[in-house]
Amino acid sequence: MQRKKTALITGSSRGIGRAAALAFAREGYNVVLNCVKNTEEMNKAAEEIKKFGVDAIGFKCDVSGYKAVSEMVKAAEDKFGGIDVLVNNAGVSFYGLFQDMTEEERRRVIEINLLGVFNVTSCVLPYMISNKRGAVINISSIWGNVGGSCEAVYSASKGGVNAFTRALGKELGPCGIRVNAVSCGCIDTEMNNNLNNEEKAALAEEIPLMRFGKTAEIGEVILFLASESSSYINGQIITVDGGFL
């Protein structure tokens, strides 16, 4: 019996990560969930995923720590036989003036958003390389493309993700592994809770589609980039922002 494919999605207890997890489950993937603290929501997501007739396992793991990531990936591979798709979604933001950020706040954004991507990717690659196939999808931001005022370090971290995506796609293409990124615009997630309703409404008016994106819409783009329908897309930054930029 052929093993089911498995997708590992970091930061998947809520928001874009959870939407992606459900999208993969609907397509018959086993799913590895991850969170840093919200285990209750992660476990709820796992139960929801199992309703699609696939299996799911969740790990509480801070992706900025290589040892913990290595242990998570090994446990997931022991259970499912390997990781076929990696979605690097875990991320944190900081909204405010650069000079008001503490050294700890700057470091945390970079450690999660960029170093975390390095850590998880390096741990899943041995299986993908030996299997000569796989897909890595990194979740980025439009501010990584153009920079966002009052989000300087966040923008820098996502710009790094974009550069890493392009470079690694070139490096791993000969191994049959595709690496792409989804550059998200204004998506209706908790990360935008620094804005009040009035501010959100004003921002939505600047978007040609006149609304924030839905997490399920991003989940479908992620699923497409993992599928054979995108088999010649590699090293690309796919912007999904409703025409904002």
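Whatever comes next refers back to the structure up there.
Residues numbered from 1 in each chain as written. Predicted model: local features only at pLDDT ≥ 70, side-chain atom pairs only at ≥ 80, totals over all residues. Heavy atoms only, no water.

Draft legend 1. Examining the sheet that holds strand 1 (residues 6–9) more closely. Taking strand neighbours across the sheet as the criterion, the 7 strands line up as 3-2-1-4-5-6-7 in an open arrangement whose pairing is parallel. The open sheet terminates on both sides in strands that have one partner only, identified here as strand 3 (56–60) and strand 7 (237–240). Going across the sheet, the axis of each strand differs from the next one's by a mean of 15°, ignoring polarity. Here 8 bridges tie strand 5 (residues 134–141) to strand 6 (residues 177–184), and the two strands are oriented parallel to one another. Its bridge partner lying in strand 6, I137 is registered against N180. Against the sheet, helix 8 (residues 215–226) contacts strand 4 (85–88), strand 5, strand 6 and strand 7, and its axis sits at roughly 165° relative to strand 6. (Pairing = 2+ DSSP bridges. Helix = DSSP H or I, 4+ residues; strand = E, 2+ residues; numbered from the N terminus. Axes fitted to C-alpha atoms, helices over the stretch in contact; angles between N-to-C directions. Contact = heavy atoms within 4.5 Å.)

Draft legend 2. Focus on the packing of aromatic side chains. Enumeration over the complete set of coordinates arrives at 3 aromatic pairs. Summarising the aromatic geometry, the rings of F118 and F164 are spaced 4.9 Å apart at their centres and angled 55° between planes, so their arrangement reads as tilted. Residue F118 is found in helix 4 (residues 103–131), and its partner F164 is found in helix 6 (residues 152–172); the two are separated by 46 residues along the sequence. Ring geometry for W143 and F244: centres 6.3 Å apart, planes at 80°, overall edge-to-face. Here W143, found in helix 5 (residues 142–146), pairs with F244, found in the segment after strand 7; they are 101 residues apart in sequence, far enough to count as distant. Residue class for W143 comes out partly exposed when judged on its relative accessible area of 22%. (Phe/Tyr/Trp six-rings, centres within 6.5 Å; stacked < 30°, edge-to-face > 60°. Buried < 20%, exposed > 50% of the residue type's maximum accessible area, 1.4 Å probe, protein only.)

Draft legend 3. Structural context of the pattern of salt bridges. Scanning the model with the defined rule gives 15 salt bridges in all. When the shortest N-O distance is used, the salt bridge between E41 and R18 registers 2.9 Å. Residue E41 is located in helix 2 (residues 39–50), and its partner R18 is located in helix 1 (residues 15–26); the two are separated by 23 residues in the primary sequence. The class of E41 is partly exposed, set by a relative accessible area of 24%. A relative accessible area of 17% places R18 in the buried class. A salt bridge links D78 to K74, with the shortest nitrogen-to-oxygen separation between them at 3.0 Å. Note that D78 and K74 are positioned in helix 3 (residues 66–80) at a spacing of 4 residues, about one turn of the helix. The class for K74 is exposed, based on a relative accessible area of 52%. (Salt bridge = Lys/Arg side-chain N within 4 Å of Asp/Glu carboxyl O.)

Draft legend 4. Up close: the nonpolar core. Core analysis: the biggest nonpolar cluster contains 33 residues, and F24, I49, V85, I137, V182 and I222 have the highest contact counts within it. For this core, the leading source of residues is helix 1, giving 7 residues. Leaving out residues up to four positions away in the same chain, I222 has contacts with I16, A20, F24, V87, I137, I139 and V182. In this structure, A76, F164, L168 and L172 belong to the second largest nonpolar core, which totals 28 residues. (Core = buried A, V, L, I, M, F, W, Y, C linked by side-chain atoms within 4.5 Å.)

Draft legend 5. Just the environment of E40, in detail. You can see E40 is positioned in helix 2. According to the relative accessible area criterion, E40 is exposed, its value standing at 54%. For the pair E40 and K50, spaced 10 residues apart in sequence, the C-alpha separation works out to 16 Å.

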